Amino acid sequence: MAELPNKAGVVIIGGGVIGCSVAYHLSQLGFDDVVLLERQQLTSGTTWHAAGLVGQLRTSINMTKLAKYTSDLYRGLEEETDQATGYRQCGSISIAATAERFEELKRSASMAKVFDLEVNVVTAEEIAERYPLIRTDDLYGGIHIPSDGYANAVDITQALARGAKNRGVKMFQNTKVDEILRDGERAVGVRTAKGDIAADHVVICGGMWSRDLAASAGVNIPLHACEHYYVLFESVEGLHPDLPVLRDYDACTYYKYDAGKLLVGAFEPTAKAWGMDGIAEDFCFDEIAGDFDHFEPVLLDAMERFPALQEAGIQKFFCGPESFTPDVRYHIGKAPELDNCWVSAGLNSIGLQSAGGIGKVMAEWIRDGYPPVDLWEVDVRRAMPFQGNRKYLKERVSESLGLLYATHFPFRQYETARGSRKSAIHDRLIAAGACHGEAFGWERPNWYAPKGVEVKYEYSYGRQNWFEHSAAEHNAVRNNVALFDQSSFAKFRLEGADALCVINQVSANNMDVKVGRLVYTQWLNERGGIEADLTVTRLAEDAFLVISAAETETRDFHWLKSHISDGVNCVLTNVSSGTGVISIMGPKSRDLLQSLTPADMSHKAFPFATSQEIELGYAIVRASRITFVGELGWELYIPTEFMQGVYDEIVEAGASFDLAHAGYHALNSLRMEKGYRHWSHDITDEDSPLEAGLGFTVKFDKPDGFIGKDALLKQQEEGLHRRLVQFRLEDPEPLLYHNEPIWREDKIVGHITSGAYGHTLGGCVGLGYVHTEPGKSDDDVMGVNYEIEVATERFAAEASLSPMYDPGNEKIRR
Ligand SMILES: Cc1cc2nc3c(=O)[nH]c(=O)nc-3n(C[C@H](O)[C@H](O)[C@H](O)COP(=O)(O)OP(=O)(O)OC[C@H]3O[C@@H](n4cnc5c(N)ncnc54)[C@H](O)[C@@H]3O)c2cc1C
């Protein structure tokens with residue numbers, strides 16, 4: 001064994017399938033100084049016991065693209081490395097035993113068309129033909145993916161490792177990283193018992209060990225191990241290697257040919273968290289004893305579906321640990337807390353089928369400093385600091401595992417570890433009938449149940465039980481006045497002599513405005529992509545208030561912080577917790593607020609996009625005239641301890657205005673009608689403001705320019721290849737959520753990025769980018785027939801580049 005080097009370009013911690021794939025792809029990109037360290041032996045953590053399923057269809061487009069790349073890679077890996085992989089393209093079948101599941105599968109089949117993954121919807125009879133070993137009489141149908149398959153996880157990992165080693169990667173087994181070395185806010189290497197290695201980049205691919213290792217370096221990777229089960233049956237008649245992999249989501253099981261045996265694995269609804277007190281130092285190719293009673297109900301259901309199992313002998317009952325995350329999405333990317341420290345961990349039992357894609361995008365991300373595509377849904381920057389809490393993780397991951405096979409109903413809410421972050425008026429909102437959803441730990445009212453209506457979600461793909469109640473809230477905002485609790489907003493103060501200079505460089509809009517002005521802006525990257533979408537209020541000559549979404553609190557804070565250079569006179573503070581937000585929206589909002597404050601709320605004294613401190617109740621609150629619903633309204637920024645008193649005053653005065661409470665579902669339907677973009681859905685770091693129709697926020701003529709200006713100028717000169725369009729389905733029945741393909745004439749030209757029912761427009765509204773030829777006029781883009789595909793059926797849609805609701809902004813500026 002070669003000696004451990006004392007420096008390297010990249011040190012990868014962990015020799016599972018993920019670490020080896022990152023090494024493979026870095027070497028493929030020409031990184032010639034990569035070292036991988038494994039505490040025991042390659043694959044000895046979780047990888048060795050992966051069942052071997054290599055599926056491709058995920059719940060989002062980019063995740064499916066990554067999984068598709070993985071399959072493509074594995075197909076050719078054996079030939080490239082001369083190492084057997086056990087990869088077999090036998091196809092897969094997913095079956096639906098409920099109408100809702102069939103709808104979900106059909107919606108996925110439609111989504112897959114956006115990027116040419118062949119997914120065929122099949123009848124119960126066709127399933128019986130392709131998979132004669134199961135009962136099909138109760139099935140609604142299913143989907144067949146011919147290019148899915150299975151592989152041997154150990155062999156795949158060894159092949160990736162061999163490919164990497166062939167290109168110069170050095171791998172050291174029995175070499176544990178004891179510490180990630182840091183210099184200030186930068187990772188500079190690792191410490192092992194055999195010596196230190198200085199490194200430009202450190203990549204944590206340590207599986208279920210990653211949380212603790214990262215925490216010791218101040219990095220947050222929320223994940224926790226769970227017990228994960230499968231059973232290996234002796235062969236049954238009719239079993240053969242080319243039998244498709246079968247997924248019976250409704251019974252939480254999958255079936256796979258495994259070297260002459262039948263492997264039946266499970267994603268039971270409530271899993272058992274494991275390793276709460278740490279993981280044994282000598283853990284290496286270990287199994288967990290497992291709890292047969294826990295697994296038995298799933299097994300009994302499997303025997304119903306697969307009758308031959310009733311007679312088949314069990315060869316092995318297996319239980320192994322795997323790491324799960326709070327939202328069942330893995331963590332990749334650059335740690336916001338520590339420069340040059342990277343993360344690829346928390347694979348939620350899809351590590352084998354994800355490894356290829358992860359390795360590829362991680363290698364490109366490390367090379368370029370930015371991700372090759374929008375990867376926000378798995379970006380480690382979405383993790384909230386509190387999510388590293390062990391009690392929270394232990395409770396939440398018991399739900400995460402089962403969610404993999406649960407029906408992914410729109411608006412489905414987590415049931416575990418609830419109530420971690422609450423607004424100061426939480427209990428009052430419950431008394432008002434709030435049905436809370438959870439977002440990034442925050443309890444947020446999604447809709448309000450009128451008296452006598454149970455405060456509970458009933459899920460479906462159709463109109464859910466809250467639809468009419470949310471419609472009433474929507475209409476109250478459009479026609480009268482309503483109150484939203486938006487305390488979950490992220491709020492930062494940027495202060496100091498250089499604050500203007502910093503915020504103006506980062507923002508595409510002009511921040512050099514009068515004190516009291518509020519500016520809607522995007523923060524762009526050098527490629528012109530939208531890193532953040534937010535408002536900035538000038539509080540003083542040298543002080544700014546940044547308001548952003550709860551979802552991006554960590555990301556936005558670190559983006560801004562990373563643009564404050566050493567020696568610059570400016571301090572950034574996260575003040576999210578100290579300030580609550582109540583928004584009063586609707587044509588009667590002025591009258592209601594005027595009845596509560598001596599401040600002059602008239603249009604003249606308080607114009608749109610301005611902010612003032614006003615007296616309200618016993619408090620001084622910051623009132624900002626802005627809207628995300630397309631109506632006259634104010635957001636009130638209230639010190640947390642005054643929230644209850646101010647709320648009580650508003651509600652009391654509101655009685656004479658018929659004030660309604662409105663939730664996040666209404667907020668969404670209102671903003672969709674107005675065509676307001678939502679960062680992470682409609683705008684991301686790969687979309688530019690010009691493509692997104694937000695060119696009006698870009699101030700090209702600012703004296704000192706801004707980050708992303710050159711890229712936008714280039715794009716402007718070359719013309720746009722895609723544009724964000726608003727659609728409304730002509731048929732009021734079908735519902736859009738996201739990812740539905742957009743057809744122009746007979747070609748798919750894009751997909752829906754977000755959708756909601758527009759109660760004022762009388763049909764479902766969606767936003768989505770469509771491909772265009774540079775130089776095409778608006779009329780050319782619009783003057784064609786559009787259709788949106790929902791669960792394999794196409795529906796005619798009206799299209800518009802300007803907002804369908806109040807295009808002239810008359811409702812807002814009055
Ligand atoms: C029962 C079961 C069935 C599964 N079936 C499938 C399937 O069919 N398809 C699929 O896609 N996925 C499946 N999975 C999931 C898959 O196995 C995992 O997602 C994947 O193996 C995770 O890989 P990893 O590299 O992140 O973790 P690991 O394989 O655990 O690798 C991490 C490595 O890091 C090392 N390490 C940790 N700390 C240090 C340190 N300080 N210094 C040095 N080294 C360190 C560990 O020793 C370990 O080898 C299954 C999982 C289980 C439990």
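The coordinates are above.
Everything in this summary refers to the structure shown in the same document. (Residues numbered from 1 in each chain as written. Predicted model: local features only at pLDDT ≥ 70, side-chain atom pairs only at ≥ 80, totals over all residues. Heavy atoms only, no water.)

### Quick word on the sheet that holds strand β35 (residues 763-771)
The cut-off we apply is this: If DSSP finds at least two bridges between two strands, the strands pair. Comment: elements are numbered from the N terminus, with helices defined as DSSP H or I runs of at least four residues and strands as E runs of at least two. Axis definition: a line fit to C-alpha positions, over the contact stretch in the case of helices; interaxial angles, taken between N-to-C directions, run 0 to 180 degrees.
If you trace the six strands once around the closed barrel, you get β32-β35-β34-β33-β36-β37, paired in antiparallel fashion. Within the sheet, the average angular offset between the axes of one strand and its neighbour, ignoring direction, is 40°. In terms of strand pairing, strand β32 (residues 722-729) meets β35 through seven bridges, oriented antiparallel. By the bridge assignment, Phe727 is partnered in β35 with Gly766.

### Looking at the pattern of salt bridges
The condition is simple: Basic side-chain nitrogens of Lys or Arg form a salt bridge, by our definition, when they fall within 4 Å of a carboxyl oxygen of Asp or Glu. Burial here depends on accessible area, computed with a 1.4 Å probe over protein chains only, as a share of the maximum for the residue type. Under 20% is buried, over 50% is exposed, and the range in between is partly exposed.
Applying the stated rule across the entire model yields 50 salt bridges. With a closest N to O distance of 2.7 Å, Asp379 and Arg381 form a salt bridge. Comparing Asp379 with Arg381 shows no difference in burial state: the two are buried. Linked by salt bridges that have partners in common, Arg135, Asp137, Asp138, Asp248 and Arg305 make up one network.

### A short note on the site of the ligand
The condition is simple: In these notes, residues near a molecule or strand are those with any non-hydrogen atom within 4 Å of it. Each polar contact in these results corresponds to two N or O atoms within 3.5 Å; when the atoms are within protein, one needs to be able to donate a hydrogen and the other to accept it, and residues that are neighboring in sequence are counted only if both atoms are side-chain atoms. Note on residue classes: Ala, Val, Leu, Ile, Met, Phe, Trp, Tyr, Cys and Pro are nonpolar, Asp, Glu, Lys and Arg are charged, and everything else, Gly too, is polar.
Close to the ligand lie 36 residues; Glu38, Thr47, Leu53, Glu322 and Gln353 are nearest. Here a nitrogen atom of the ligand sits 2.8 Å away from a polar atom, N or O, in the main chain of Ala51. The contact in question runs from an oxygen atom of the ligand to an N or O atom on the backbone of Leu352, over 2.9 Å. Contributing elements (two or more residues each) for the shell around the ligand: α1 (17-28), β12 (224-233), β16 (314-324) and α8 (351-368). Counted by class, the shell around the ligand contains 16 nonpolar, 16 polar and four charged residues.

### Quick look at the packing of aromatic side chains
Definition in use: Put simply, two rings from Phe, Tyr or Trp (the six-membered ring, in Trp's case) pair if the centres are within 6.5 Å, and we call them stacked under 30 degrees between planes, edge-to-face over 60, tilted for the rest. By definition here, charges over rings are those cases where NZ of Lys or CZ of Arg is within 6 Å of the ring centre and within 35 degrees of the ring normal.
Using the criterion set out here, one finds 32 aromatic pairs in the structure. Ring geometry for Phe386 against Tyr392: centres 4.9 Å apart, planes inclined by 65°, an arrangement best described as edge-to-face. Aromatic side chains Phe492 and Phe557 sit 5.3 Å apart centroid to centroid with 70° between the ring planes, which places their arrangement in the edge-to-face category. Of this pair, Phe492 sits in strand β22 (residues 490-495) while Phe557 is found in helix α13 (residues 553-561), placing the two residues 65 residues apart along the sequence. Phe557 shares its class with Phe492; the two are buried. Site record: aromatic cluster; members linked through ring pairs are Phe409, Phe411, Trp447, Tyr457, Tyr459, Tyr461, Trp466 and Tyr737. Positioned above the aromatic ring of Tyr370, the side-chain terminus of Arg527 is 3.5 Å from the ring centre.

### Describing the sheet that holds β22
Strands sit in the order β23-β24-β25-β22-β26 across an open sheet of five strands; the sheet is antiparallel. Every other strand in the sheet has two partners, leaving β23 (518-524) and β26 (571-574) as the edge strands with one partner each. Strand after strand, the sheet turns through a mean of 30° between neighbouring axes, direction not considered. Both β23 and strand β24 (residues 530-540) contribute to a ladder of seven bridges, which runs antiparallel. Paired with Thr521 across the two strands is Leu534, which belongs to β24.

### Thoughts on the environment of Leu404
Quick note on the threshold: It only takes one pair of heavy atoms within 4.5 Å for two residues to be counted as in contact.
Here Leu404 is to be found in the loop between α9 (390-403) and α10 (426-431). As a C-alpha pair, Leu404 and Met643 span 239 residues in sequence and 39 Å in three-dimensional space. When neighbours within four sequence positions are excluded, Leu404 is seen to be in contact with Phe267, Val328, Asn348 and Ile350.

### Here's the deal with the environment of Gly705
Of note, Gly705 is situated in the loop between α16 (664-674) and α17 (709-718). For Gly705, a relative accessible area of 11% gives the class buried. Sequence separation of Gly705 and Arg671 is 34 residues, and the distance between their C-alpha atoms is 30 Å. Discounting chain neighbours no more than four positions away, the residues touching Gly705 are Asn504 and Gln505.

### Digging into the pairing of β23
For β23, the tally of buried residues reaches six of seven residues, placing the bulk of the element in the interior. In textbook terms, the turn of a hairpin is the stretch between consecutive antiparallel strands, and for β23 and β24 this stretch comprises five residues, one of which, Gly528, has a positive phi near 85°.

### Re helix α2 (residues 61-81)
To keep it simple, the criterion reads: Here the expected length of a helix is defined as 1.5 Å per residue gap, with one fewer gap than residues. In this analysis the local bend is the angle between axes fitted, respectively, to the seven residues ending at and the seven residues starting at the residue.
The terminal C-alpha atoms of α2 lie 30 Å apart, and with 21 residues this matches the ideal 30 Å at 1.5 Å per residue to within 8%. Bending of α2 peaks at approximately 35° at the position of Arg75. Every buried residue belonging to α2 is among Ile61, Asn62, Met63, Thr64, Leu66, Ala67, Thr70, Ser71, Leu73, Tyr74, Leu77 and Thr81, and all of these are buried. The opening residue of α2, the one whose side-chain oxygen lies 3.4 Å from the backbone nitrogen of Met63, is Ser60. Directly after α2, the chain includes Asp82, whose backbone phi takes a positive value near 65°.

### A closer look at the nonpolar core
For the record, the criterion: By nonpolar core we mean a set of buried residues, namely Ala, Val, Leu, Ile, Met, Phe, Trp, Tyr and Cys, connected to one another through side-chain atoms within 4.5 Å.
Ranked by internal contacts, the top residues of the largest apolar core, which has 117 residues, are Ile12, Tyr74 and Tyr131. The element that contributes the greatest number of residues to this core is α8, accounting for eight residues. Residues contacting Ile12, with those up to four places away along its chain left out, are Gly19, Val22, Ala23, Leu26, Val34, Val35, Leu36, Leu37, Val203 and Cys205. Core analysis: the second largest hydrophobic core is formed by 30 residues, Tyr448, Val481, Leu596 and Ala619 among them.

### What to know about the packing of α1 against α2
Applied cut-off: Under this scheme an angle from 65 to 115 degrees is roughly perpendicular, one under 35 degrees roughly parallel, and one over 145 degrees roughly antiparallel; angles in between are oblique.
One way to put it is that α1 packs onto α2 with a least axis distance of 14 Å and a crossing angle of 75°. Put simply, α1 runs roughly perpendicular to α2. For the pair α1 and α2, contact is made by Val17, Tyr24, His25 and Gln28 and by Tyr69, Leu73, Tyr74, Leu77 and Glu80, respectively.

### What about the pairing of β35?
On a regular strand, one side chain projects to one face of the sheet and the next to the other, so that they alternate. For β35, a buried count of eight out of nine residues is recorded, marking the element as mostly surrounded by other parts of the structure. The pairing of strand β34 (residues 747-758) with β35 spans eight bridges and is classified as antiparallel. Looking across to β35, one finds that His751 is bridged to Tyr769. Taken together, β34 and the strand that follows it, β35, pair antiparallel across an intervening segment of four residues, in which Gly762 is found at a positive phi of about 75°.

### A look at the side chain of Asp374
With respect to the helices, strands and loops of the structure, Asp374 is situated in the loop between α8 and α9. Side-chain polar atoms of Asp374 contact the backbone nitrogen of Trp376, separated by 3.1 Å. Leaving out residues up to four positions away in the same chain, Asp374 has contacts with Asn62, Thr684, Asp685 and Glu686.

### Some details on unusual backbone geometry
Its identity as a non-glycine residue notwithstanding, Ala417 has a phi of 45°, on the positive side. Position of Ala417 among the secondary structure elements: in the loop between α9 and α10. The phi dihedral of Asn809 is positive, around 60°, even though this residue is not glycine. Of the residues examined, Asn809 reaches a relative accessible area of 24% and is grouped as partly exposed.

### Describing the side chain of Ser323
Along the chain, the position of Ser323 falls in strand β16. What Ser323 contacts, discounting residues up to four positions off in sequence, is Gly207, Met208, Leu223, His224, Ala225, Gly346, Leu347, Asn348 and Ser349.

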